[in-house]
Protein chains: 2
Amino acid sequence: MQKFYQAEIMSRQVALGIDIGGTDTKYGFVEKSGEILSKGKFSTNTNDDIIFFIADLKKEIKKALAALPEQIELIGIGIGAPNGNFYRGTIEQATNLAWKGIVPLSRLVEESLNAKTYVTNDANAAAMGEMLFGSAKGMRNFVVITMGTGLGSGIVVNGEIVYGHSGFAGELGHQTVNINGRSCACGKKGCLETYVSATGIKRTVYKLLADSREESVLRNIGFNDLSAEMITGEALRGDKIATEAFEYTGRILGIKLADTVYHLAPEAIFLAGGLAKAGSILFDQVIFQLEKNLMTLFKDSVKVLPSGLEDQDSSILGAASLILK
Amino acid sequence: MQKFYQAEIMSRQVALGIDIGGTDTKYGFVEKSGEILSKGKFSTNTNDDIIFFIADLKKEIKKALAALPEQIELIGIGIGAPNGNFYRGTIEQATNLAWKGIVPLSRLVEESLNAKTYVTNDANAAAMGEMLFGSAKGMRNFVVITMGTGLGSGIVVNGEIVYGHSGFAGELGHQTVNINGRSCACGKKGCLETYVSATGIKRTVYKLLADSREESVLRNIGFNDLSAEMITGEALRGDKIATEAFEYTGRILGIKLADTVYHLAPEAIFLAGGLAKAGSILFDQVIFQLEKNLMTLFKDSVKVLPSGLEDQDSSILGAASLILK
């Protein structure tokens with residue numbers, strides 16, 4: 001009886017959420033309530049053999065488990081990763097990771113850490129996190145757009161992530177904006193993410209600096225030193241180039257989101273990731289252009305909202321949601 | 001016992017499928033197997049009071065029921081109609097019907113014919129018909145594009161029609177192709193259906209006739225006399241204007257379908273309706289452009305197929321599927 005009582009109070013059921021990014025891998029132990037008991041990060045191993053990454057991961061997780069102040073029961077592992085495939089538990093042809101081809105990630109992690117493991121792409125994980133712990137609680141039809149280096153998306157229909165037939169549904173960043181437009185990392189031209197992302201708005205600033213004679217602080221900054229935060233800062237200070245860059249970005253996103261609404265008629269579209277931090281200088285234009293491009297039947301039917309999750313933890317919570325949902 | 005036996009062999013369970021179009025309303029009594037026991041059509045009443053339509057419908061259906069050679073049990077009524085809303089059982093703001101505003105169709109039909117009634121839009125009905133009785137049997141993720149006067153679409157995810165939050169999901173015809181493009185019946189400009197539909201290809205022919213000096217039989221035909229069938233016929237005979245019109249149409253559809261694949265990663269996209277009858281002169285270009293605009297991860301993952309249903313009956317079967325599924 002004594003023992004049972006101890007187990008009751010001491011062993012907490014948690015999921016391990018892992019977010020594999022091109023630079024860092026973040027992880028955290030997450031309770032059903034969304035409380036993160038412990039979190040950490042380490043450099044994503046850039047050796048092209050995944051086995052080195054798995055070894056690093058095992059070492060990190062063992063260390064983190066040992067450091068936990070209380071006993072936990074690990075009920076499973078959820079992983080968000082670029083080109084993560086939920087059906088097959090794989091990462092496939094991810095251009096910003098060192099491992100080429102098809103990586104059987106869930107099998108390798110299960111063997112290494114001895115817990116049921118699910119994989120999905122990072123934006124799908126963000127959408128699940130939003131549904132369980134963020135501002136999409138109770139919503140059954142919504143879309144999450146994550147704008148960082150690229151543009152990712154997670155689509156929820158009838159309360160479930162849309163994976164599609166192949167498992168790769170929700171790659172809105174590769175929709176065509178301009179068939180002869182900017183070169184994309186995917187090999188195509190004019191993809192949405194070449195315009196609407198932290199990188200996309202940098203490209204837009206450089207285009208505007210080239211086209212106009214307008215003075216701007218941004219003329220003093222090299223492309224590689226320029227960041228979306230700087231552009232946001234200058235736009236807030238009234239810099240014309242920065243302001244125009246946000247208008248251009250918001251206009252393209254608004255027009256393409258109307259296409260998304262014609263597909264899915266979602267209750268809300270969440271804008272998340274670095275670029276979304278710009279707030280109203282981005283959102284106002286997105287909403288204006290979205291509404292402008294919706295026919296009467298759809299007008300004022302879709303909310304455009306910021307993510308309800310702390311940026312820092314959303315990827316961990318999202319990945320853990322694969323287990324906790 | 002005698003009576004029970006008779007009921008067993010004589011009373012067949014059937015659904016009534018109704019397709020309300022701008023000109024005609026078609027209906028049929030459909031068995032679970034997809035067999036149509038009887039069908040008919042009548043002119044859609046153009047009085048702006050729906051009550052006249054309901055009266056016509058009741059008269060027609062009573063007559064058809066009386067003419068059936070055997071006893072049936074009517075298990076329900078499914079209706080496909082422009083801007084039909086499944087959630088509310090309404091037709092809302094349909095531009096090509098006489099009834100304005102919001103029409104409580106399912107309630108009126110239930111009261112009149114005394115059977116459970118569901119309403120959806122005509123393209124959603126086509127998608128359900130394809131899933132139950134056509135070439136999408138066994139598929140859980142696919143899209144149906146219907147190309148007639150306009151362009152309609154029905155989206156299936158995880159075996160269910162996507163209605164979205166408002167019930168109006170799947171209006172792909174109003175995606176933006178060109179923000180400054182052709183005027184659309186919806187009030188916007190440059191909608192997909194102004195290019196890709198029976199009407200759209202007529203507009204393209206006239207644009208090409210205006211731009212070029214190429215001789216063509218089509219120069220002898222007035223816009224109102226021109227049909228998609230004629231353009232198909234001339235393209236098959238090698239007419240350059242007609243051929244170029246199909247290339248243009250297929251190119252735009254292929255590019256936009258790539259965007260749809262990035263949303264949904266469907267197993268197949270079905271092209272249905274009048275314009276799809278053109279066959280390979282349309283399909284080849286659509287498939288070429290779709291593949292060209294898909295990134296590596298998505299290439300060769302989506303089939304583009306003709307509908308597996310007879311055009312004549314697909315709308316009736318689709319509407320009946322609301323009950324039979």
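Residues numbered from 1 in each chain as written. Chains lettered and ligands numbered in written order. Predicted model: local features only at pLDDT ≥ 70, side-chain atom pairs only at ≥ 80, totals over all residues.

J.: Sorry, what's going on with the overall build of chain A here?
T.: Assigned secondary structure in chain A consists of nine helices and 13 strands. The C-alpha radius of gyration of chain A comes to 21 Å, within 12% of the 20 Å expected for a compact globule of 325 residues. Oriented by its inertia axes, the alpha-carbon framework of chain A measures out at about 75 × 45 × 40 Å. With 325 residues in all, chain A has 51% of them scored as buried. (Helix = DSSP H or I, 4+ residues; strand = E, 2+ residues; numbered from the N terminus. Rg over C-alpha atoms; globule rule 2.2 N^0.38 Å. Buried ≥ 20, exposed ≤ 12 C-beta atoms within 10 Å, placed from the backbone.)

J.: How should the domain arrangement of chain A be read in this particular structure?
T.: Note on interface size: it is often stated as the accessible area lost on association of the parts. All names here are of chain A. Looking at the assigned domains, one finds that chain A contains domain 1 (2-129 + 313-324) and domain 2 (136-308). Using only C-alpha atoms to locate each centre, domain 1 and domain 2 end up separated by 28 Å. With 13 residues of domain 1 in contact, the opposing surface of domain 2 contributes 14 residues. It is helix α4 (residues 122-133) that contributes the most residues to the side of domain 1 that touches domain 2, six residues altogether. (Domains from an automatic or database assignment. Contact = placed C-beta atoms within 7 Å.)

J.: I would appreciate a short explanation of the packing of helix α5 (residues 198-211) of chain B against helix α7 (residues 240-264) of chain B in the present structure.
T.: Think of two packed helices as two axes; the pair is described by the angle between the axes and how far apart they sit. All names here are of chain B. Packing of α5 against α7 leaves a shortest axis separation of 9 Å and a crossing angle of 125 degrees. Classified by the angle between their axes, α5 and α7 sit oblique to one another. Between α5 and α7 lies a crossing of right-handed hand. Residues Gly200, Ile201, Thr204, Val205, Leu208 and Leu209 of α5 pack against Ile241, Ala242, Glu244, Ala245, Tyr248 and Thr249 of α7. For the contact of α5 with α7, the residue count by class is eight nonpolar, three polar and one charged. (Axes fitted to C-alpha atoms, helices over the stretch in contact; angles between N-to-C directions. Parallel < 35°, antiparallel > 145°, perpendicular 65-115°, else oblique. Left-handed = near helix turned anticlockwise from the far one by under 90°. Nonpolar A, V, L, I, M, F, W, Y, C, P; charged D, E, K, R; others polar.)

J.: It is not clear to me how the sheet that holds strand β5 (residues 84-85) of chain A should be interpreted in this structure. Could you clarify?
T.: Note on sheets: strands pair through backbone hydrogen bonds, and any given pair is parallel or antiparallel. Residues and elements named next belong to chain A. Taken in spatial order, the three strands line up as β5-β6-β7 in an open sheet, and their pairing is antiparallel. Each edge of the sheet is formed by a strand with only one pairing partner; in this case those strands are β5 and β7 (102-103). Both strand β6 (residues 90-92) and β7 contribute to a ladder of two bridges, which runs antiparallel. Opposite Glu92, over in β7, you have Ile102 as the bridge partner. (Pairing = 2+ DSSP bridges.)

J.: Can you help me understand the interface of chain A and chain B in this one?
T.: If you look at the interface, chain A gives 39 residues, while chain B gives 40 residues. For the side of chain A that touches chain B, the secondary-structure elements that each account for two or more residues are β10 (151-157) and α7 (240-264) of chain A. Of all the elements, α7(A) adds the most residues to the side of chain A that touches chain B, at seven residues. Residue composition of the side of chain A that touches chain B, grouped by class: 17 nonpolar, 16 polar and six charged.

J.: Mind showing me how you'd approach the relation of the copies chain A and chain B here?
T.: Think of it as a corkscrew move, a rotation about one axis and a shift along it, taking one chain copy to the other. For the match of chain A to chain B, the screw axis carries a shift of 0.0 Å, the RMSD comes to 0.0 Å, and the turn is 180 degrees. Considering both components of the superposition, the chain copies are consistent with a two-fold axis. By residue overlap, the copies meet face to face through one surface: 100% of the interface positions of chain A are interface positions in chain B. (Least-squares fit on C-alpha atoms with pLDDT ≥ 70 in both.)

J.: What exactly am I supposed to notice about the environment of Glu31(A) here?
T.: Residues and elements named next belong to chain A. Relative to the elements of secondary structure, Glu31 occurs in strand β2 (residues 24-31). Glu31 sits in the partly exposed class, given 15 other C-beta atoms within 10 Å. For Glu31, the residues in contact, after removing those within four places along its chain, are Arg12, Val14 and Leu37.

J.: What should I look at first to understand the pairing of strand β3 (residues 36-43) of chain A in this one?
T.: The side chains of a regular strand alternate between both faces of the sheet. All names here are of chain A. With seven bridges connecting them, β2 and β3 associate as antiparallel partners. Looking at β3, one finds that Gly28 is bridged to Lys39. The hairpin turn running from β2 into β3, its antiparallel successor, is four residues long, and Gly34 in that turn takes a positive phi close to 95 degrees.

J.: Sorry, what's going on with the sheet that holds β3(A) here?
T.: Residue and element names in this part refer to chain A. Read across the open sheet, the five strands follow the order β3-β2-β1-β4-β8; overall the sheet is mixed. Both edges of this open sheet fall to β3 and β8 (117-120), since each of them pairs with a single strand only. Going from strand to strand, the sheet's axes swing by 20 degrees on average, the running direction of each strand aside. Where strand β4 (residues 72-80) meets β8, four bridges bridge the pair, whose relative direction is parallel. Paired with Ile77 across the strands is Thr117, a residue of β8. Helix α3 (residues 105-113) rests against β4 and β8 of the sheet, and its axis sits at about 150 degrees to β8.

J.: I keep staring at α5(B) and nothing clicks. Help me out?
T.: Working note: α-helix, 3.6 residues per turn, so residues spaced by three or four point in the same direction. Residues and elements named next belong to chain B. For α5, built from 14 residues, the straight-helix expectation of 20 Å at 1.5 Å per residue is met to within 8% by its first-to-last C-alpha distance of 20 Å. Along α5, the residues that are buried comprise Ala198, Thr199, Gly200, Ile201, Lys202, Thr204 and Val205. Contact partners of the buried residues in α5: β9 (142-147), α6 (228-236) and α7. (Expected span 1.5 Å × (residues − 1).)

J.: In this structure, what is going on with the pairing of strand β13 (residues 303-306) of chain B? I would like to understand it.
T.: Residues and elements named next belong to chain B. In this structure, strand β12 (residues 268-272) lies alongside β13, joined through four bridges in parallel fashion. Bridge assignment links Ile269 to a residue of β13, and that residue is Val304. Tracing the backbone out of β12, into helix α8 (residues 280-292) and back to the parallel element β13 gives a crossover that is right-handed. (Right-handed = clockwise from strand over helix to strand, strands pointing away.)

J.: Could you clarify how one ought to interpret the environment of Ser135(A) in this entry?
T.: All names here are of chain A. Topologically, Ser135 is positioned in the loop between α4 and β9 (142-147). Among the residues examined, Ser135 registers 19 C-beta atoms within 10 Å and is labelled partly exposed. Sequence separation of Ser135 and Met295 is 160 residues, and the distance between their C-alpha atoms is 27 Å. Setting aside residues up to four positions removed in sequence, Ser135 forms contacts with Glu130, Phe270, Leu305, Ser307 and Gly308.

J.: Can you walk me through unusual backbone geometry in this structure?
T.: What is expected of a backbone is that most residues other than glycine have negative phi and most peptide bonds are trans. Despite not being glycine, Asn83(A) shows a phi value in the positive range, around 55 degrees. Residue Asn83(A) is classed as buried on the basis of its C-beta count, with 21 C-beta atoms lying within 10 Å. If you check the backbone angles, Asp300(B) has positive phi at about 55 degrees while not being a glycine. With respect to the element layout, Asp300(B) can be found in the loop between α8 and β13. We classify Asp300(B) as exposed; it has 8 C-beta atoms within 10 Å.

J.: Is there a simple way to explain the nonpolar core in this structure?
T.: In summary, soluble globular proteins display a tendency toward joint burial of nonpolar side chains. Judged by nonpolar contacts, the single largest core of 191 residues is most densely connected at Ile145(A) and Ile145(B). Excluding residues within four positions of it along the chain, Ile145(B) makes contact with Leu151(B), Ser153(B), Leu172(B), Ile269(B), Phe270(B), Leu271(B) and Ala272(B). (Core = buried A, V, L, I, M, F, W, Y, C linked by C-beta atoms within 7 Å.)

J.: Can you walk me through the packing of α7(A) against helix α8 (residues 280-292) of chain A in this structure?
T.: All names here are of chain A. Taken N-terminus to C-terminus, the directions of α7 and α8 make an angle of 40 degrees; their axes are 7 Å apart at the nearest point. Relative to α8, α7 is oriented oblique. Note on packing geometry: the crossing formed by α7 with α8 is right-handed. In this structure, α7 contributes Phe246, Glu247, Thr249, Gly250, Arg251, Leu253, Gly254, Ile255, Leu257 and Ala258 to the contact, and α8 contributes Ile281, Leu282, Gln285, Val286, Phe288, Gln289 and Leu290. Its residues assigned to classes, the contact of α7 with α8 shows 10 nonpolar, five polar and two charged.

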